Amino acid sequence: MQNNRSPKNENNTDRNRAAAWWSRALASGIAGALCIMLPANAAVADVENPLLPKNLSPWGMFLNADIVVKAVMIGLAIASLVTWTIWLAKTVELRMAMRRVRRRLAMLESGGHLADVARACDGDRDAVAQLVLSTAREAQLSDGIVDDGFKERVALRLERVEAAMIRQVSRGTGILATIGATAPFVGLFGTVWGIMNAFIGISESHTTNLAVVAPGIAEALLTTAIGLVAAIPAVVIYNHLARVIGGYKALLGDASAQLLLMISRGYHASAARLRAAE
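Owing to the predicted nature of the structure, the values given are computational and were not obtained by experimental measurement.

## Details of the pattern of salt bridges
Counted according to the given criterion, the structure contains 6 salt bridges. We note a salt bridge from Arg-104 to Asp-124, for which the minimum N-O separation is 2.3 Å. Highlighted residues: Arg-104 in helix H3 (residues 67-109) and Asp-124 in the loop between helix H4 (114-121) and helix H5 (127-141), separated in sequence by 20 residues. Glu-138 is the partner of Arg-157 in a salt bridge, and the nearest nitrogen-oxygen pair spans 2.6 Å.

## Remarks on the packing of aromatic side chains
Here the structure, examined in full by the defined rule, presents 2 aromatic pairs. Centre to centre, the rings of Trp-84 and Trp-87 are 5.8 Å apart; their planes meet at 85°, and the pair counts as edge-to-face. With Trp-84 and Trp-87 both in helix H3, this residue pair falls 3 residues apart, about one helical turn. When the centroid spacing of 6.1 Å and the interplanar angle of 45° are considered together, the rings of Phe-189 and Trp-193 count as tilted. In this pair, Phe-189 and Trp-193 both sit in helix H7 (residues 173-205), 4 residues apart, roughly one turn of the helix. Assessed through its relative accessible area of 42%, Phe-189 is described here as partly exposed.

## Side note on a positive patch on the surface
On the surface, Arg-95, Arg-99, Arg-100 and Arg-103 cluster together into a positively charged patch. Note on placement: Arg-100 falls in helix H3.

## What to know about a nonpolar patch on the surface
On the surface, a nonpolar cluster with roughly 480 Å² of combined accessible area is contributed by Trp-84, Trp-87, Leu-88, Val-92 and Met-96. Among the residues examined, Leu-88 registers a relative accessible area of 52% and is labelled exposed.

## Section: H3
When the terminal C-alpha atoms of H3 are compared, their 62 Å separation across 43 residues agrees well with the 63 Å that a helix rising 1.5 Å per residue should span. Following H3 by one or two positions, Gly-111 has its phi on the positive side, about 95°.

## Considering H5
In this model H5 runs 21 Å from its N-terminal to its C-terminal C-alpha over 15 residues, within 8% of the 21 Å that 1.5 Å per residue would give. The buried count for H5 comes to 11 of 15 residues, which makes it a mostly enclosed element. Residues of H5 that are buried: Ala-127, Val-128, Ala-129, Gln-130, Leu-131, Val-132, Ser-134, Thr-135, Ala-136, Glu-138 and Ala-139. Sitting at the amino-terminal end of H5 is Asp-126, which places a side-chain oxygen 3.5 Å from the backbone nitrogen of Val-128. Directly beyond the C-terminal end of H5, a positive phi value near 60° is found at Asp-143.

## Comments concerning the nonpolar core
By size, the foremost hydrophobic cluster in this structure holds 36 residues, and its most contacted members are Leu-108, Val-128, Leu-131, Val-132, Tyr-248, Leu-252 and Leu-259. For this core, the secondary structure elements donating two or more residues are H3, H4, H5, helix H6 (148-170) and helix H8 (210-277). Considering each element in turn, this core owes the most residues, 10 residues, to H8. Setting aside residues up to four positions removed in sequence, Leu-108 forms contacts with Val-117, Val-128, Val-132, Ala-255, Gln-258, Leu-259 and Met-262. Residues Val-72, Leu-76, Ile-179 and Ala-230 belong to the second largest nonpolar core, which totals 8 residues.

Definitions and limits used
One numbering rule holds for all chains: residues counted from 1, following each sequence as written. Selection of residues for local features in this predicted model requires a pLDDT of at least 70, selection of side-chain atom pairs for listing and counting requires 80 or more, and totals for whole chains, interfaces and linings are taken over all residues. As a rule here, side-chain values cover all heavy atoms of the structure and leave hydrogens and water aside. Every case where a carboxyl oxygen of Asp or Glu lies within 4 Å of a side-chain nitrogen of Lys or Arg is listed as a salt bridge. Every helix listed is a DSSP run of H or I at least four residues long, and every strand listed is a run of E at least two residues long, numbered separately from the N terminus. Side-chain rings of Phe, Tyr and Trp, where Trp is taken by its six-membered ring, are said to pair if the distance between their centres is within 6.5 Å; with planes under 30 degrees apart they count as stacked, over 60 as edge-to-face, and otherwise as tilted. Exposure is judged per residue with a 1.4 Å probe applied to protein chains only, and the accessible area is read against the type maximum: over 50% gives exposed, under 20% gives buried, and values in between give partly exposed. The patch calculation keeps residues exceeding 30% relative accessible area without a salt bridge and links them within 9 Å when they carry like charges or within 5 Å when they are nonpolar (Val, Leu, Ile, Met, Phe, Trp, Tyr). Computed with a 1.4 Å probe, the accessible areas rest on the Shrake-Rupley method; for each residue, only the protein chains presented here act as cover. Two residue types count as positive, namely Lys and Arg, and two as negative, namely Asp and Glu; His and chain ends fall outside the count. A charge is said to be at NZ when it belongs to Lys, at CZ for Arg, at CG for Asp and at CD for Glu. An expected span of 1.5 Å times one less than the residue number is assigned to each helix. Polar contacts here mean pairs of N or O atoms no more than 3.5 Å apart (in protein, one a potential hydrogen donor and the other a potential acceptor; neighbouring residues in sequence count only if both atoms are side-chain atoms). To define a nonpolar core, start from buried Ala, Val, Leu, Ile, Met, Phe, Trp, Tyr and Cys residues and group those joined through side-chain atoms within 4.5 Å. Here, two residues are considered to be in contact whenever any of their heavy atoms come within 4.5 Å of each other.

Have a look at this one:
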């Protein structure tokens with residue numbers, strides 16, 4: 001029998017067989033890779049869903065935190081709010097008080113008699129008005145007798161009024177000192193509690209994968225950060241208010257000195273009148 005197959009047809013057949021073999025090999029390789037990759041991805045997905053929160057923002061970490069850590073965070077946030085509220089209230093109060101003291105001090109430095117100054121301050125409740133009215137009250141109780149004993153009694157009254165006014169403007173600043181001293185330790189307590197819970201989670205999951213403990217550690221460190229955010233402004237604001245209150249106390253001291261000078265001038269005027277009468 002004569003062979004009708006030509007060399008050209010044989011070459012085409014070989015090329016077709018080679019292409020079919022490479023296609024089967026490529027398909028087998030892709031299928032094998034998918035078989036290897038899909039179970040691993042599925043296992044990662046199974047681990048991510050129950051153990052790793054997808055939202056690691058500060059708000060998300062707060063929502064996923066333990067109840068004790070949440071309570072610590074809320075307490076520190078309230079402490080920070082109290083700090084800024086005291087700062088605003090005391091800034092306004094001290095600014096108004098300093099303005100009134102300077103105005104009264106200018107009136108005392110302009111001279112005049114104690115009776116005239118007392119009439120100008122009658123009915124007012126600011127610090128210098130209380131100093132003036134207390135001095136006038138002592139003058140009334142002493143029947144107008146201005147001597148060394150009168151000056152000592154006035155100095156004692158002025159000292160007590162000054163202390164009362166300083167206590168009044170200092171109310172609330174002790175809370176700032178308390179927040180500044182305790183907030184870092186409260187935040188540290190929340191951090192220790194959160195890390196403890198993270199390690200308990202590692203023990204229960206029977207894995208040493210860092211991805212399991214990372215969210216809990218992040219929540220714990222967030223508590224420390226909130227503690228510092230609450231403590232640092234409290235310390236700075238407390239020191240600032242202490243300096244302002246010190247300046248306010250110095251102005252009250254100047255007002256008391258002006259009142260003592262006014263009394264001294266009245267004492268010398270009375271003595272001069274007595275010598276003239278003699």
